[in-house]
Each structure stands twice: as C-alpha cells, then as structure tokens.
Amino acid sequence: MIYWVTPRWFSTSLLGLVLLVLGGVEFVRLRRPEVNAWFLAKFGGIHRESEVMSPSGIFWTLLGSWLTMVVFTNKKIVLPALGFLVFGDTMAALGGQKWGAHHWTANPAKTWEGSGCFAAVSAFWAVFFVRWPVAILGALGGAWVEAQPFRWNDNFWVPLLGGATLSVLNLVLGRG
C-alpha cells in the first residue's frame, strides 16, 4: 500500500531500512542458538519447520518485494507483481489446501488446483494495471514460478520473476 501512495524513493528507502533491521535480526538469530530458541519460543506458531535454521519467509518476502521495487521502475509492473505475491500466493495456498488433488511432478508440495487459484486471482488483479493478455499470461507465468521447487523461498521469486515476466510481456503485447 505504501508503494502505491508514496513516491518510489520513499517506499524503497523505508522497506530497505526495515529489511536491514530484519536481516540483522535474522543474522543474529541464525548464528546464536539461544537467540534462535528465544524467537522460536516467542513466535512459535508462525514459522515453518524449514525456517528453524534458515531465514524466515518474512525475510524472503521483504527481500523479494524490495528488489522488485528497485529493479522495476514502472508502477504498472511493480503493483501487479507484488499482487502476485500478496493475492496469488495466498490463494494458491488456500485453494491447494481446499481442492488440491493433482500434485506437480517437479514439486509435490504444490498442486495444479492451487496454481489455478493463483493464476485466476493474479490475472484479476493484474488486469487493473496492464492489458488483459499481459495480465493473463503474466499470471500463468507467476503461477508456474510459485509452483517451482526453488532453493530459496518462493516469496522471493514470485514478485521478482513476476515483474520480469510482466515487463517482457508488456513490451511484446502491451501496445495497441
């Protein structure tokens, strides 16, 4: 929301500052077992098992969002790319849990049904910023990215690769 209503320099600076603080906390947490134990006890219900000894999803979300804002200068690309993360990724998780029956071969933790939810919600959001062919193809690309078993958390990759996909599609299909 801040990115939408403030100048780009302000929102990237503010998020960059938050990212530095969180990055410092994560650095200390992952190098000091007693600090990590304290955080896990204090915030026990919000972390995944994979985040006990690696950076949290919050860190990856902020880093991916900040880099998306820094790399892409056009708000009509950044806002749908961030929406892929906020709305699409959320709906992929909810839809996959509710209706997921067909798992991706490359990543059995993700389902085709969850990816379909991602694509539908993301396309609906993106069409407010880019032409409909760009929105639909960008959302399908974002759904594919979200379903991949990347080494780093998908919250890092979804906005960044979503922004790249939307940028290319907007150059090719955005005119007219």
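Rules and cut-offs
Residues numbered from 1 in each chain as written. Predicted model: local features only at pLDDT ≥ 70, side-chain atom pairs only at ≥ 80, totals over all residues. Heavy atoms only, no water. Patch = residues over 30% accessible without salt bridge, like charges linked within 9 Å, V, L, I, M, F, W, Y side chains within 5 Å. Areas by Shrake-Rupley, 256 points an atom, 1.4 Å probe, with all protein chains shown as cover. Salt bridge = Lys/Arg side-chain N within 4 Å of Asp/Glu carboxyl O. Helix = DSSP H or I, 4+ residues; strand = E, 2+ residues; numbered from the N terminus. Buried < 20%, exposed > 50% of the residue type's maximum accessible area, 1.4 Å probe, protein only. Axes fitted to C-alpha atoms, helices over the stretch in contact; angles between N-to-C directions. Parallel < 35°, antiparallel > 145°, perpendicular 65-115°, else oblique. Left-handed = near helix turned anticlockwise from the far one by under 90°. Contact = heavy atoms within 4.5 Å. Phe/Tyr/Trp six-rings, centres within 6.5 Å; stacked < 30°, edge-to-face > 60°. Lys NZ or Arg CZ within 6 Å of the ring centre and 35° of its normal. Core = buried A, V, L, I, M, F, W, Y, C linked by side-chain atoms within 4.5 Å. Polar contact = N/O pair within 3.5 Å; in protein donor to acceptor, adjacent residues only side chain to side chain. Expected span 1.5 Å × (residues − 1). Bend = angle between axes of the 7 residues up to and from the residue.

Asker: What am I meant to see in a nonpolar patch on the surface here?
Answerer: A cluster of nonpolar side chains, contributed by Phe124, Val127, Phe128, Trp132, Ile136, Leu137, Leu140, Val168, Leu171, Val172 and Leu173, occupies part of the molecular surface with about 1100 Å² of accessible area. Listing elements by their share of the nonpolar patch, those giving two or more residues are helix H7 (132-147) and helix H8 (154-173). Structurally, Leu137 is set in helix H7. Leu137 sits in the partly exposed class, given a relative accessible area of 40%.

Asker: Teacher, can you tell me more about the packing of helix H5 (residues 75-99) against H8 here?
Answerer: If you want to describe how two helices pack, look at the angle between their axes and the distance between the axes. Running from amino to carboxyl end, H5 crosses H8 at an angle of 140°, the nearest separation of the two axes being 8 Å. Regarding the angle of H5 to H8, the classification is oblique. By crossing handedness, the relation of H5 to H8 is classed as right-handed. Taken together, the residues of H8 that come into contact with H5 (itself represented by Ile77, Pro80, Ala81, Leu82, Phe84, Leu85 and Asp89) are Asp154, Asn155, Val158, Pro159, Gly162, Gly163, Leu166, Ser167 and Asn170.

Asker: So what exactly am I meant to see when it comes to the pattern of salt bridges here?
Answerer: Opposite charge on two side chains allows them to pair when their charged atoms are near. For the structure shown, the criterion picks out four salt bridges. Among the salt bridges present, the one from Glu26 reaches Arg29, with a minimum N-O distance of 3.0 Å. Of the two residues, Glu26 and Arg29 both sit in helix H2 (residues 8-31), three residues apart, roughly one turn of that helix. When its relative accessible area of 8% is taken as the criterion, Glu26 is described as buried. One salt bridge connects Lys110 with Glu146, and the closest N-O pair in it is separated by 2.6 Å. Here the residue Lys110 occupies a position in the loop between H5 and helix H6 (112-126), and Glu146 occupies one in helix H7, the gap between them amounting to 36 residues. Glu146 shares its class with Lys110; the two are buried. One network of salt bridges, with partners in common, ties together Lys110, Glu146 and Asp154.

Asker: Is there a simple way to think about the packing of aromatic side chains in this case?
Answerer: Two descriptors summarise a pair of aromatic rings, namely the distance from one centre to the other and the angle between the planes of the rings. Under the counting rule described, the total for this entry stands at 15 aromatic pairs. Measuring from centroid to centroid gives 5.1 Å for Trp60 and Trp152, while their planes differ by 25°, and the two rings are stacked. With Trp60 in helix H4 (residues 57-71) and Trp152 in the loop between H7 and H8, this pair connects stretches of sequence that are 92 residues apart. Under the relative-accessibility criterion, Trp60 is labelled buried at 11%. Judged by relative accessible area, Trp152 falls into the partly exposed class, the value being 37%. An aromatic cluster of three or more residues is present, and its members are Phe59, Trp60, Phe150, Trp152, Phe156 and Trp157. Cation over ring: Lys75 sits above Tyr3, and NZ or CZ is 5.1 Å from the ring centre.

Asker: I tried to follow the nonpolar core on my own but got confused; where do I start?
Answerer: One recurring pattern in soluble globular proteins is that nonpolar side chains are buried together. Within the largest apolar cluster, 35 residues are counted, with the highest numbers of intra-cluster contacts made by Phe84 and Val130. At the level of elements, H2, H4, H5, H6, H7 and H8 are the ones that each hand at least two residues to this core. Per-element accounting of this core gives the leading share, eight residues, to H5. Ignoring sequence-local partners within four residues, the contact set of Phe84 consists of Asp89, Phe118, Ser122, Ala126, Gly138, Ala139, Gly142, Val158, Gly162 and Leu166.

Asker: Got a minute to help me understand the side chain of Asn155 in this structure?
Answerer: For Asn155, the position within the fold is in helix H8. Residue classification places Asn155 among the buried positions, given a relative accessible area of 11%. Reaching out from Asn155, the side chain makes a polar contact with the side chain of Thr61 at a distance of 2.9 Å. Those residues within four positions of Asn155 in sequence are excluded, and the remaining contacts are Gly57, Trp60, Thr61, Gly64, Leu85 and Asp89.

Asker: Can you walk me through H5 in this structure?
Answerer: Along an α-helix, residues three or four apart share an orientation, since each turn contains 3.6 residues. Given a rise of 1.5 Å per residue, 25 residues ought to cover 36 Å, and the 33 Å separating the end C-alpha atoms of H5 matches this to within 8%. In the structure, H5 departs most strongly from a straight axis at Phe84, where the bend amounts to approximately 35°. The N-cap residue of H5 is Asn74: its side-chain oxygen and the backbone nitrogen of Lys76 are 2.8 Å apart.

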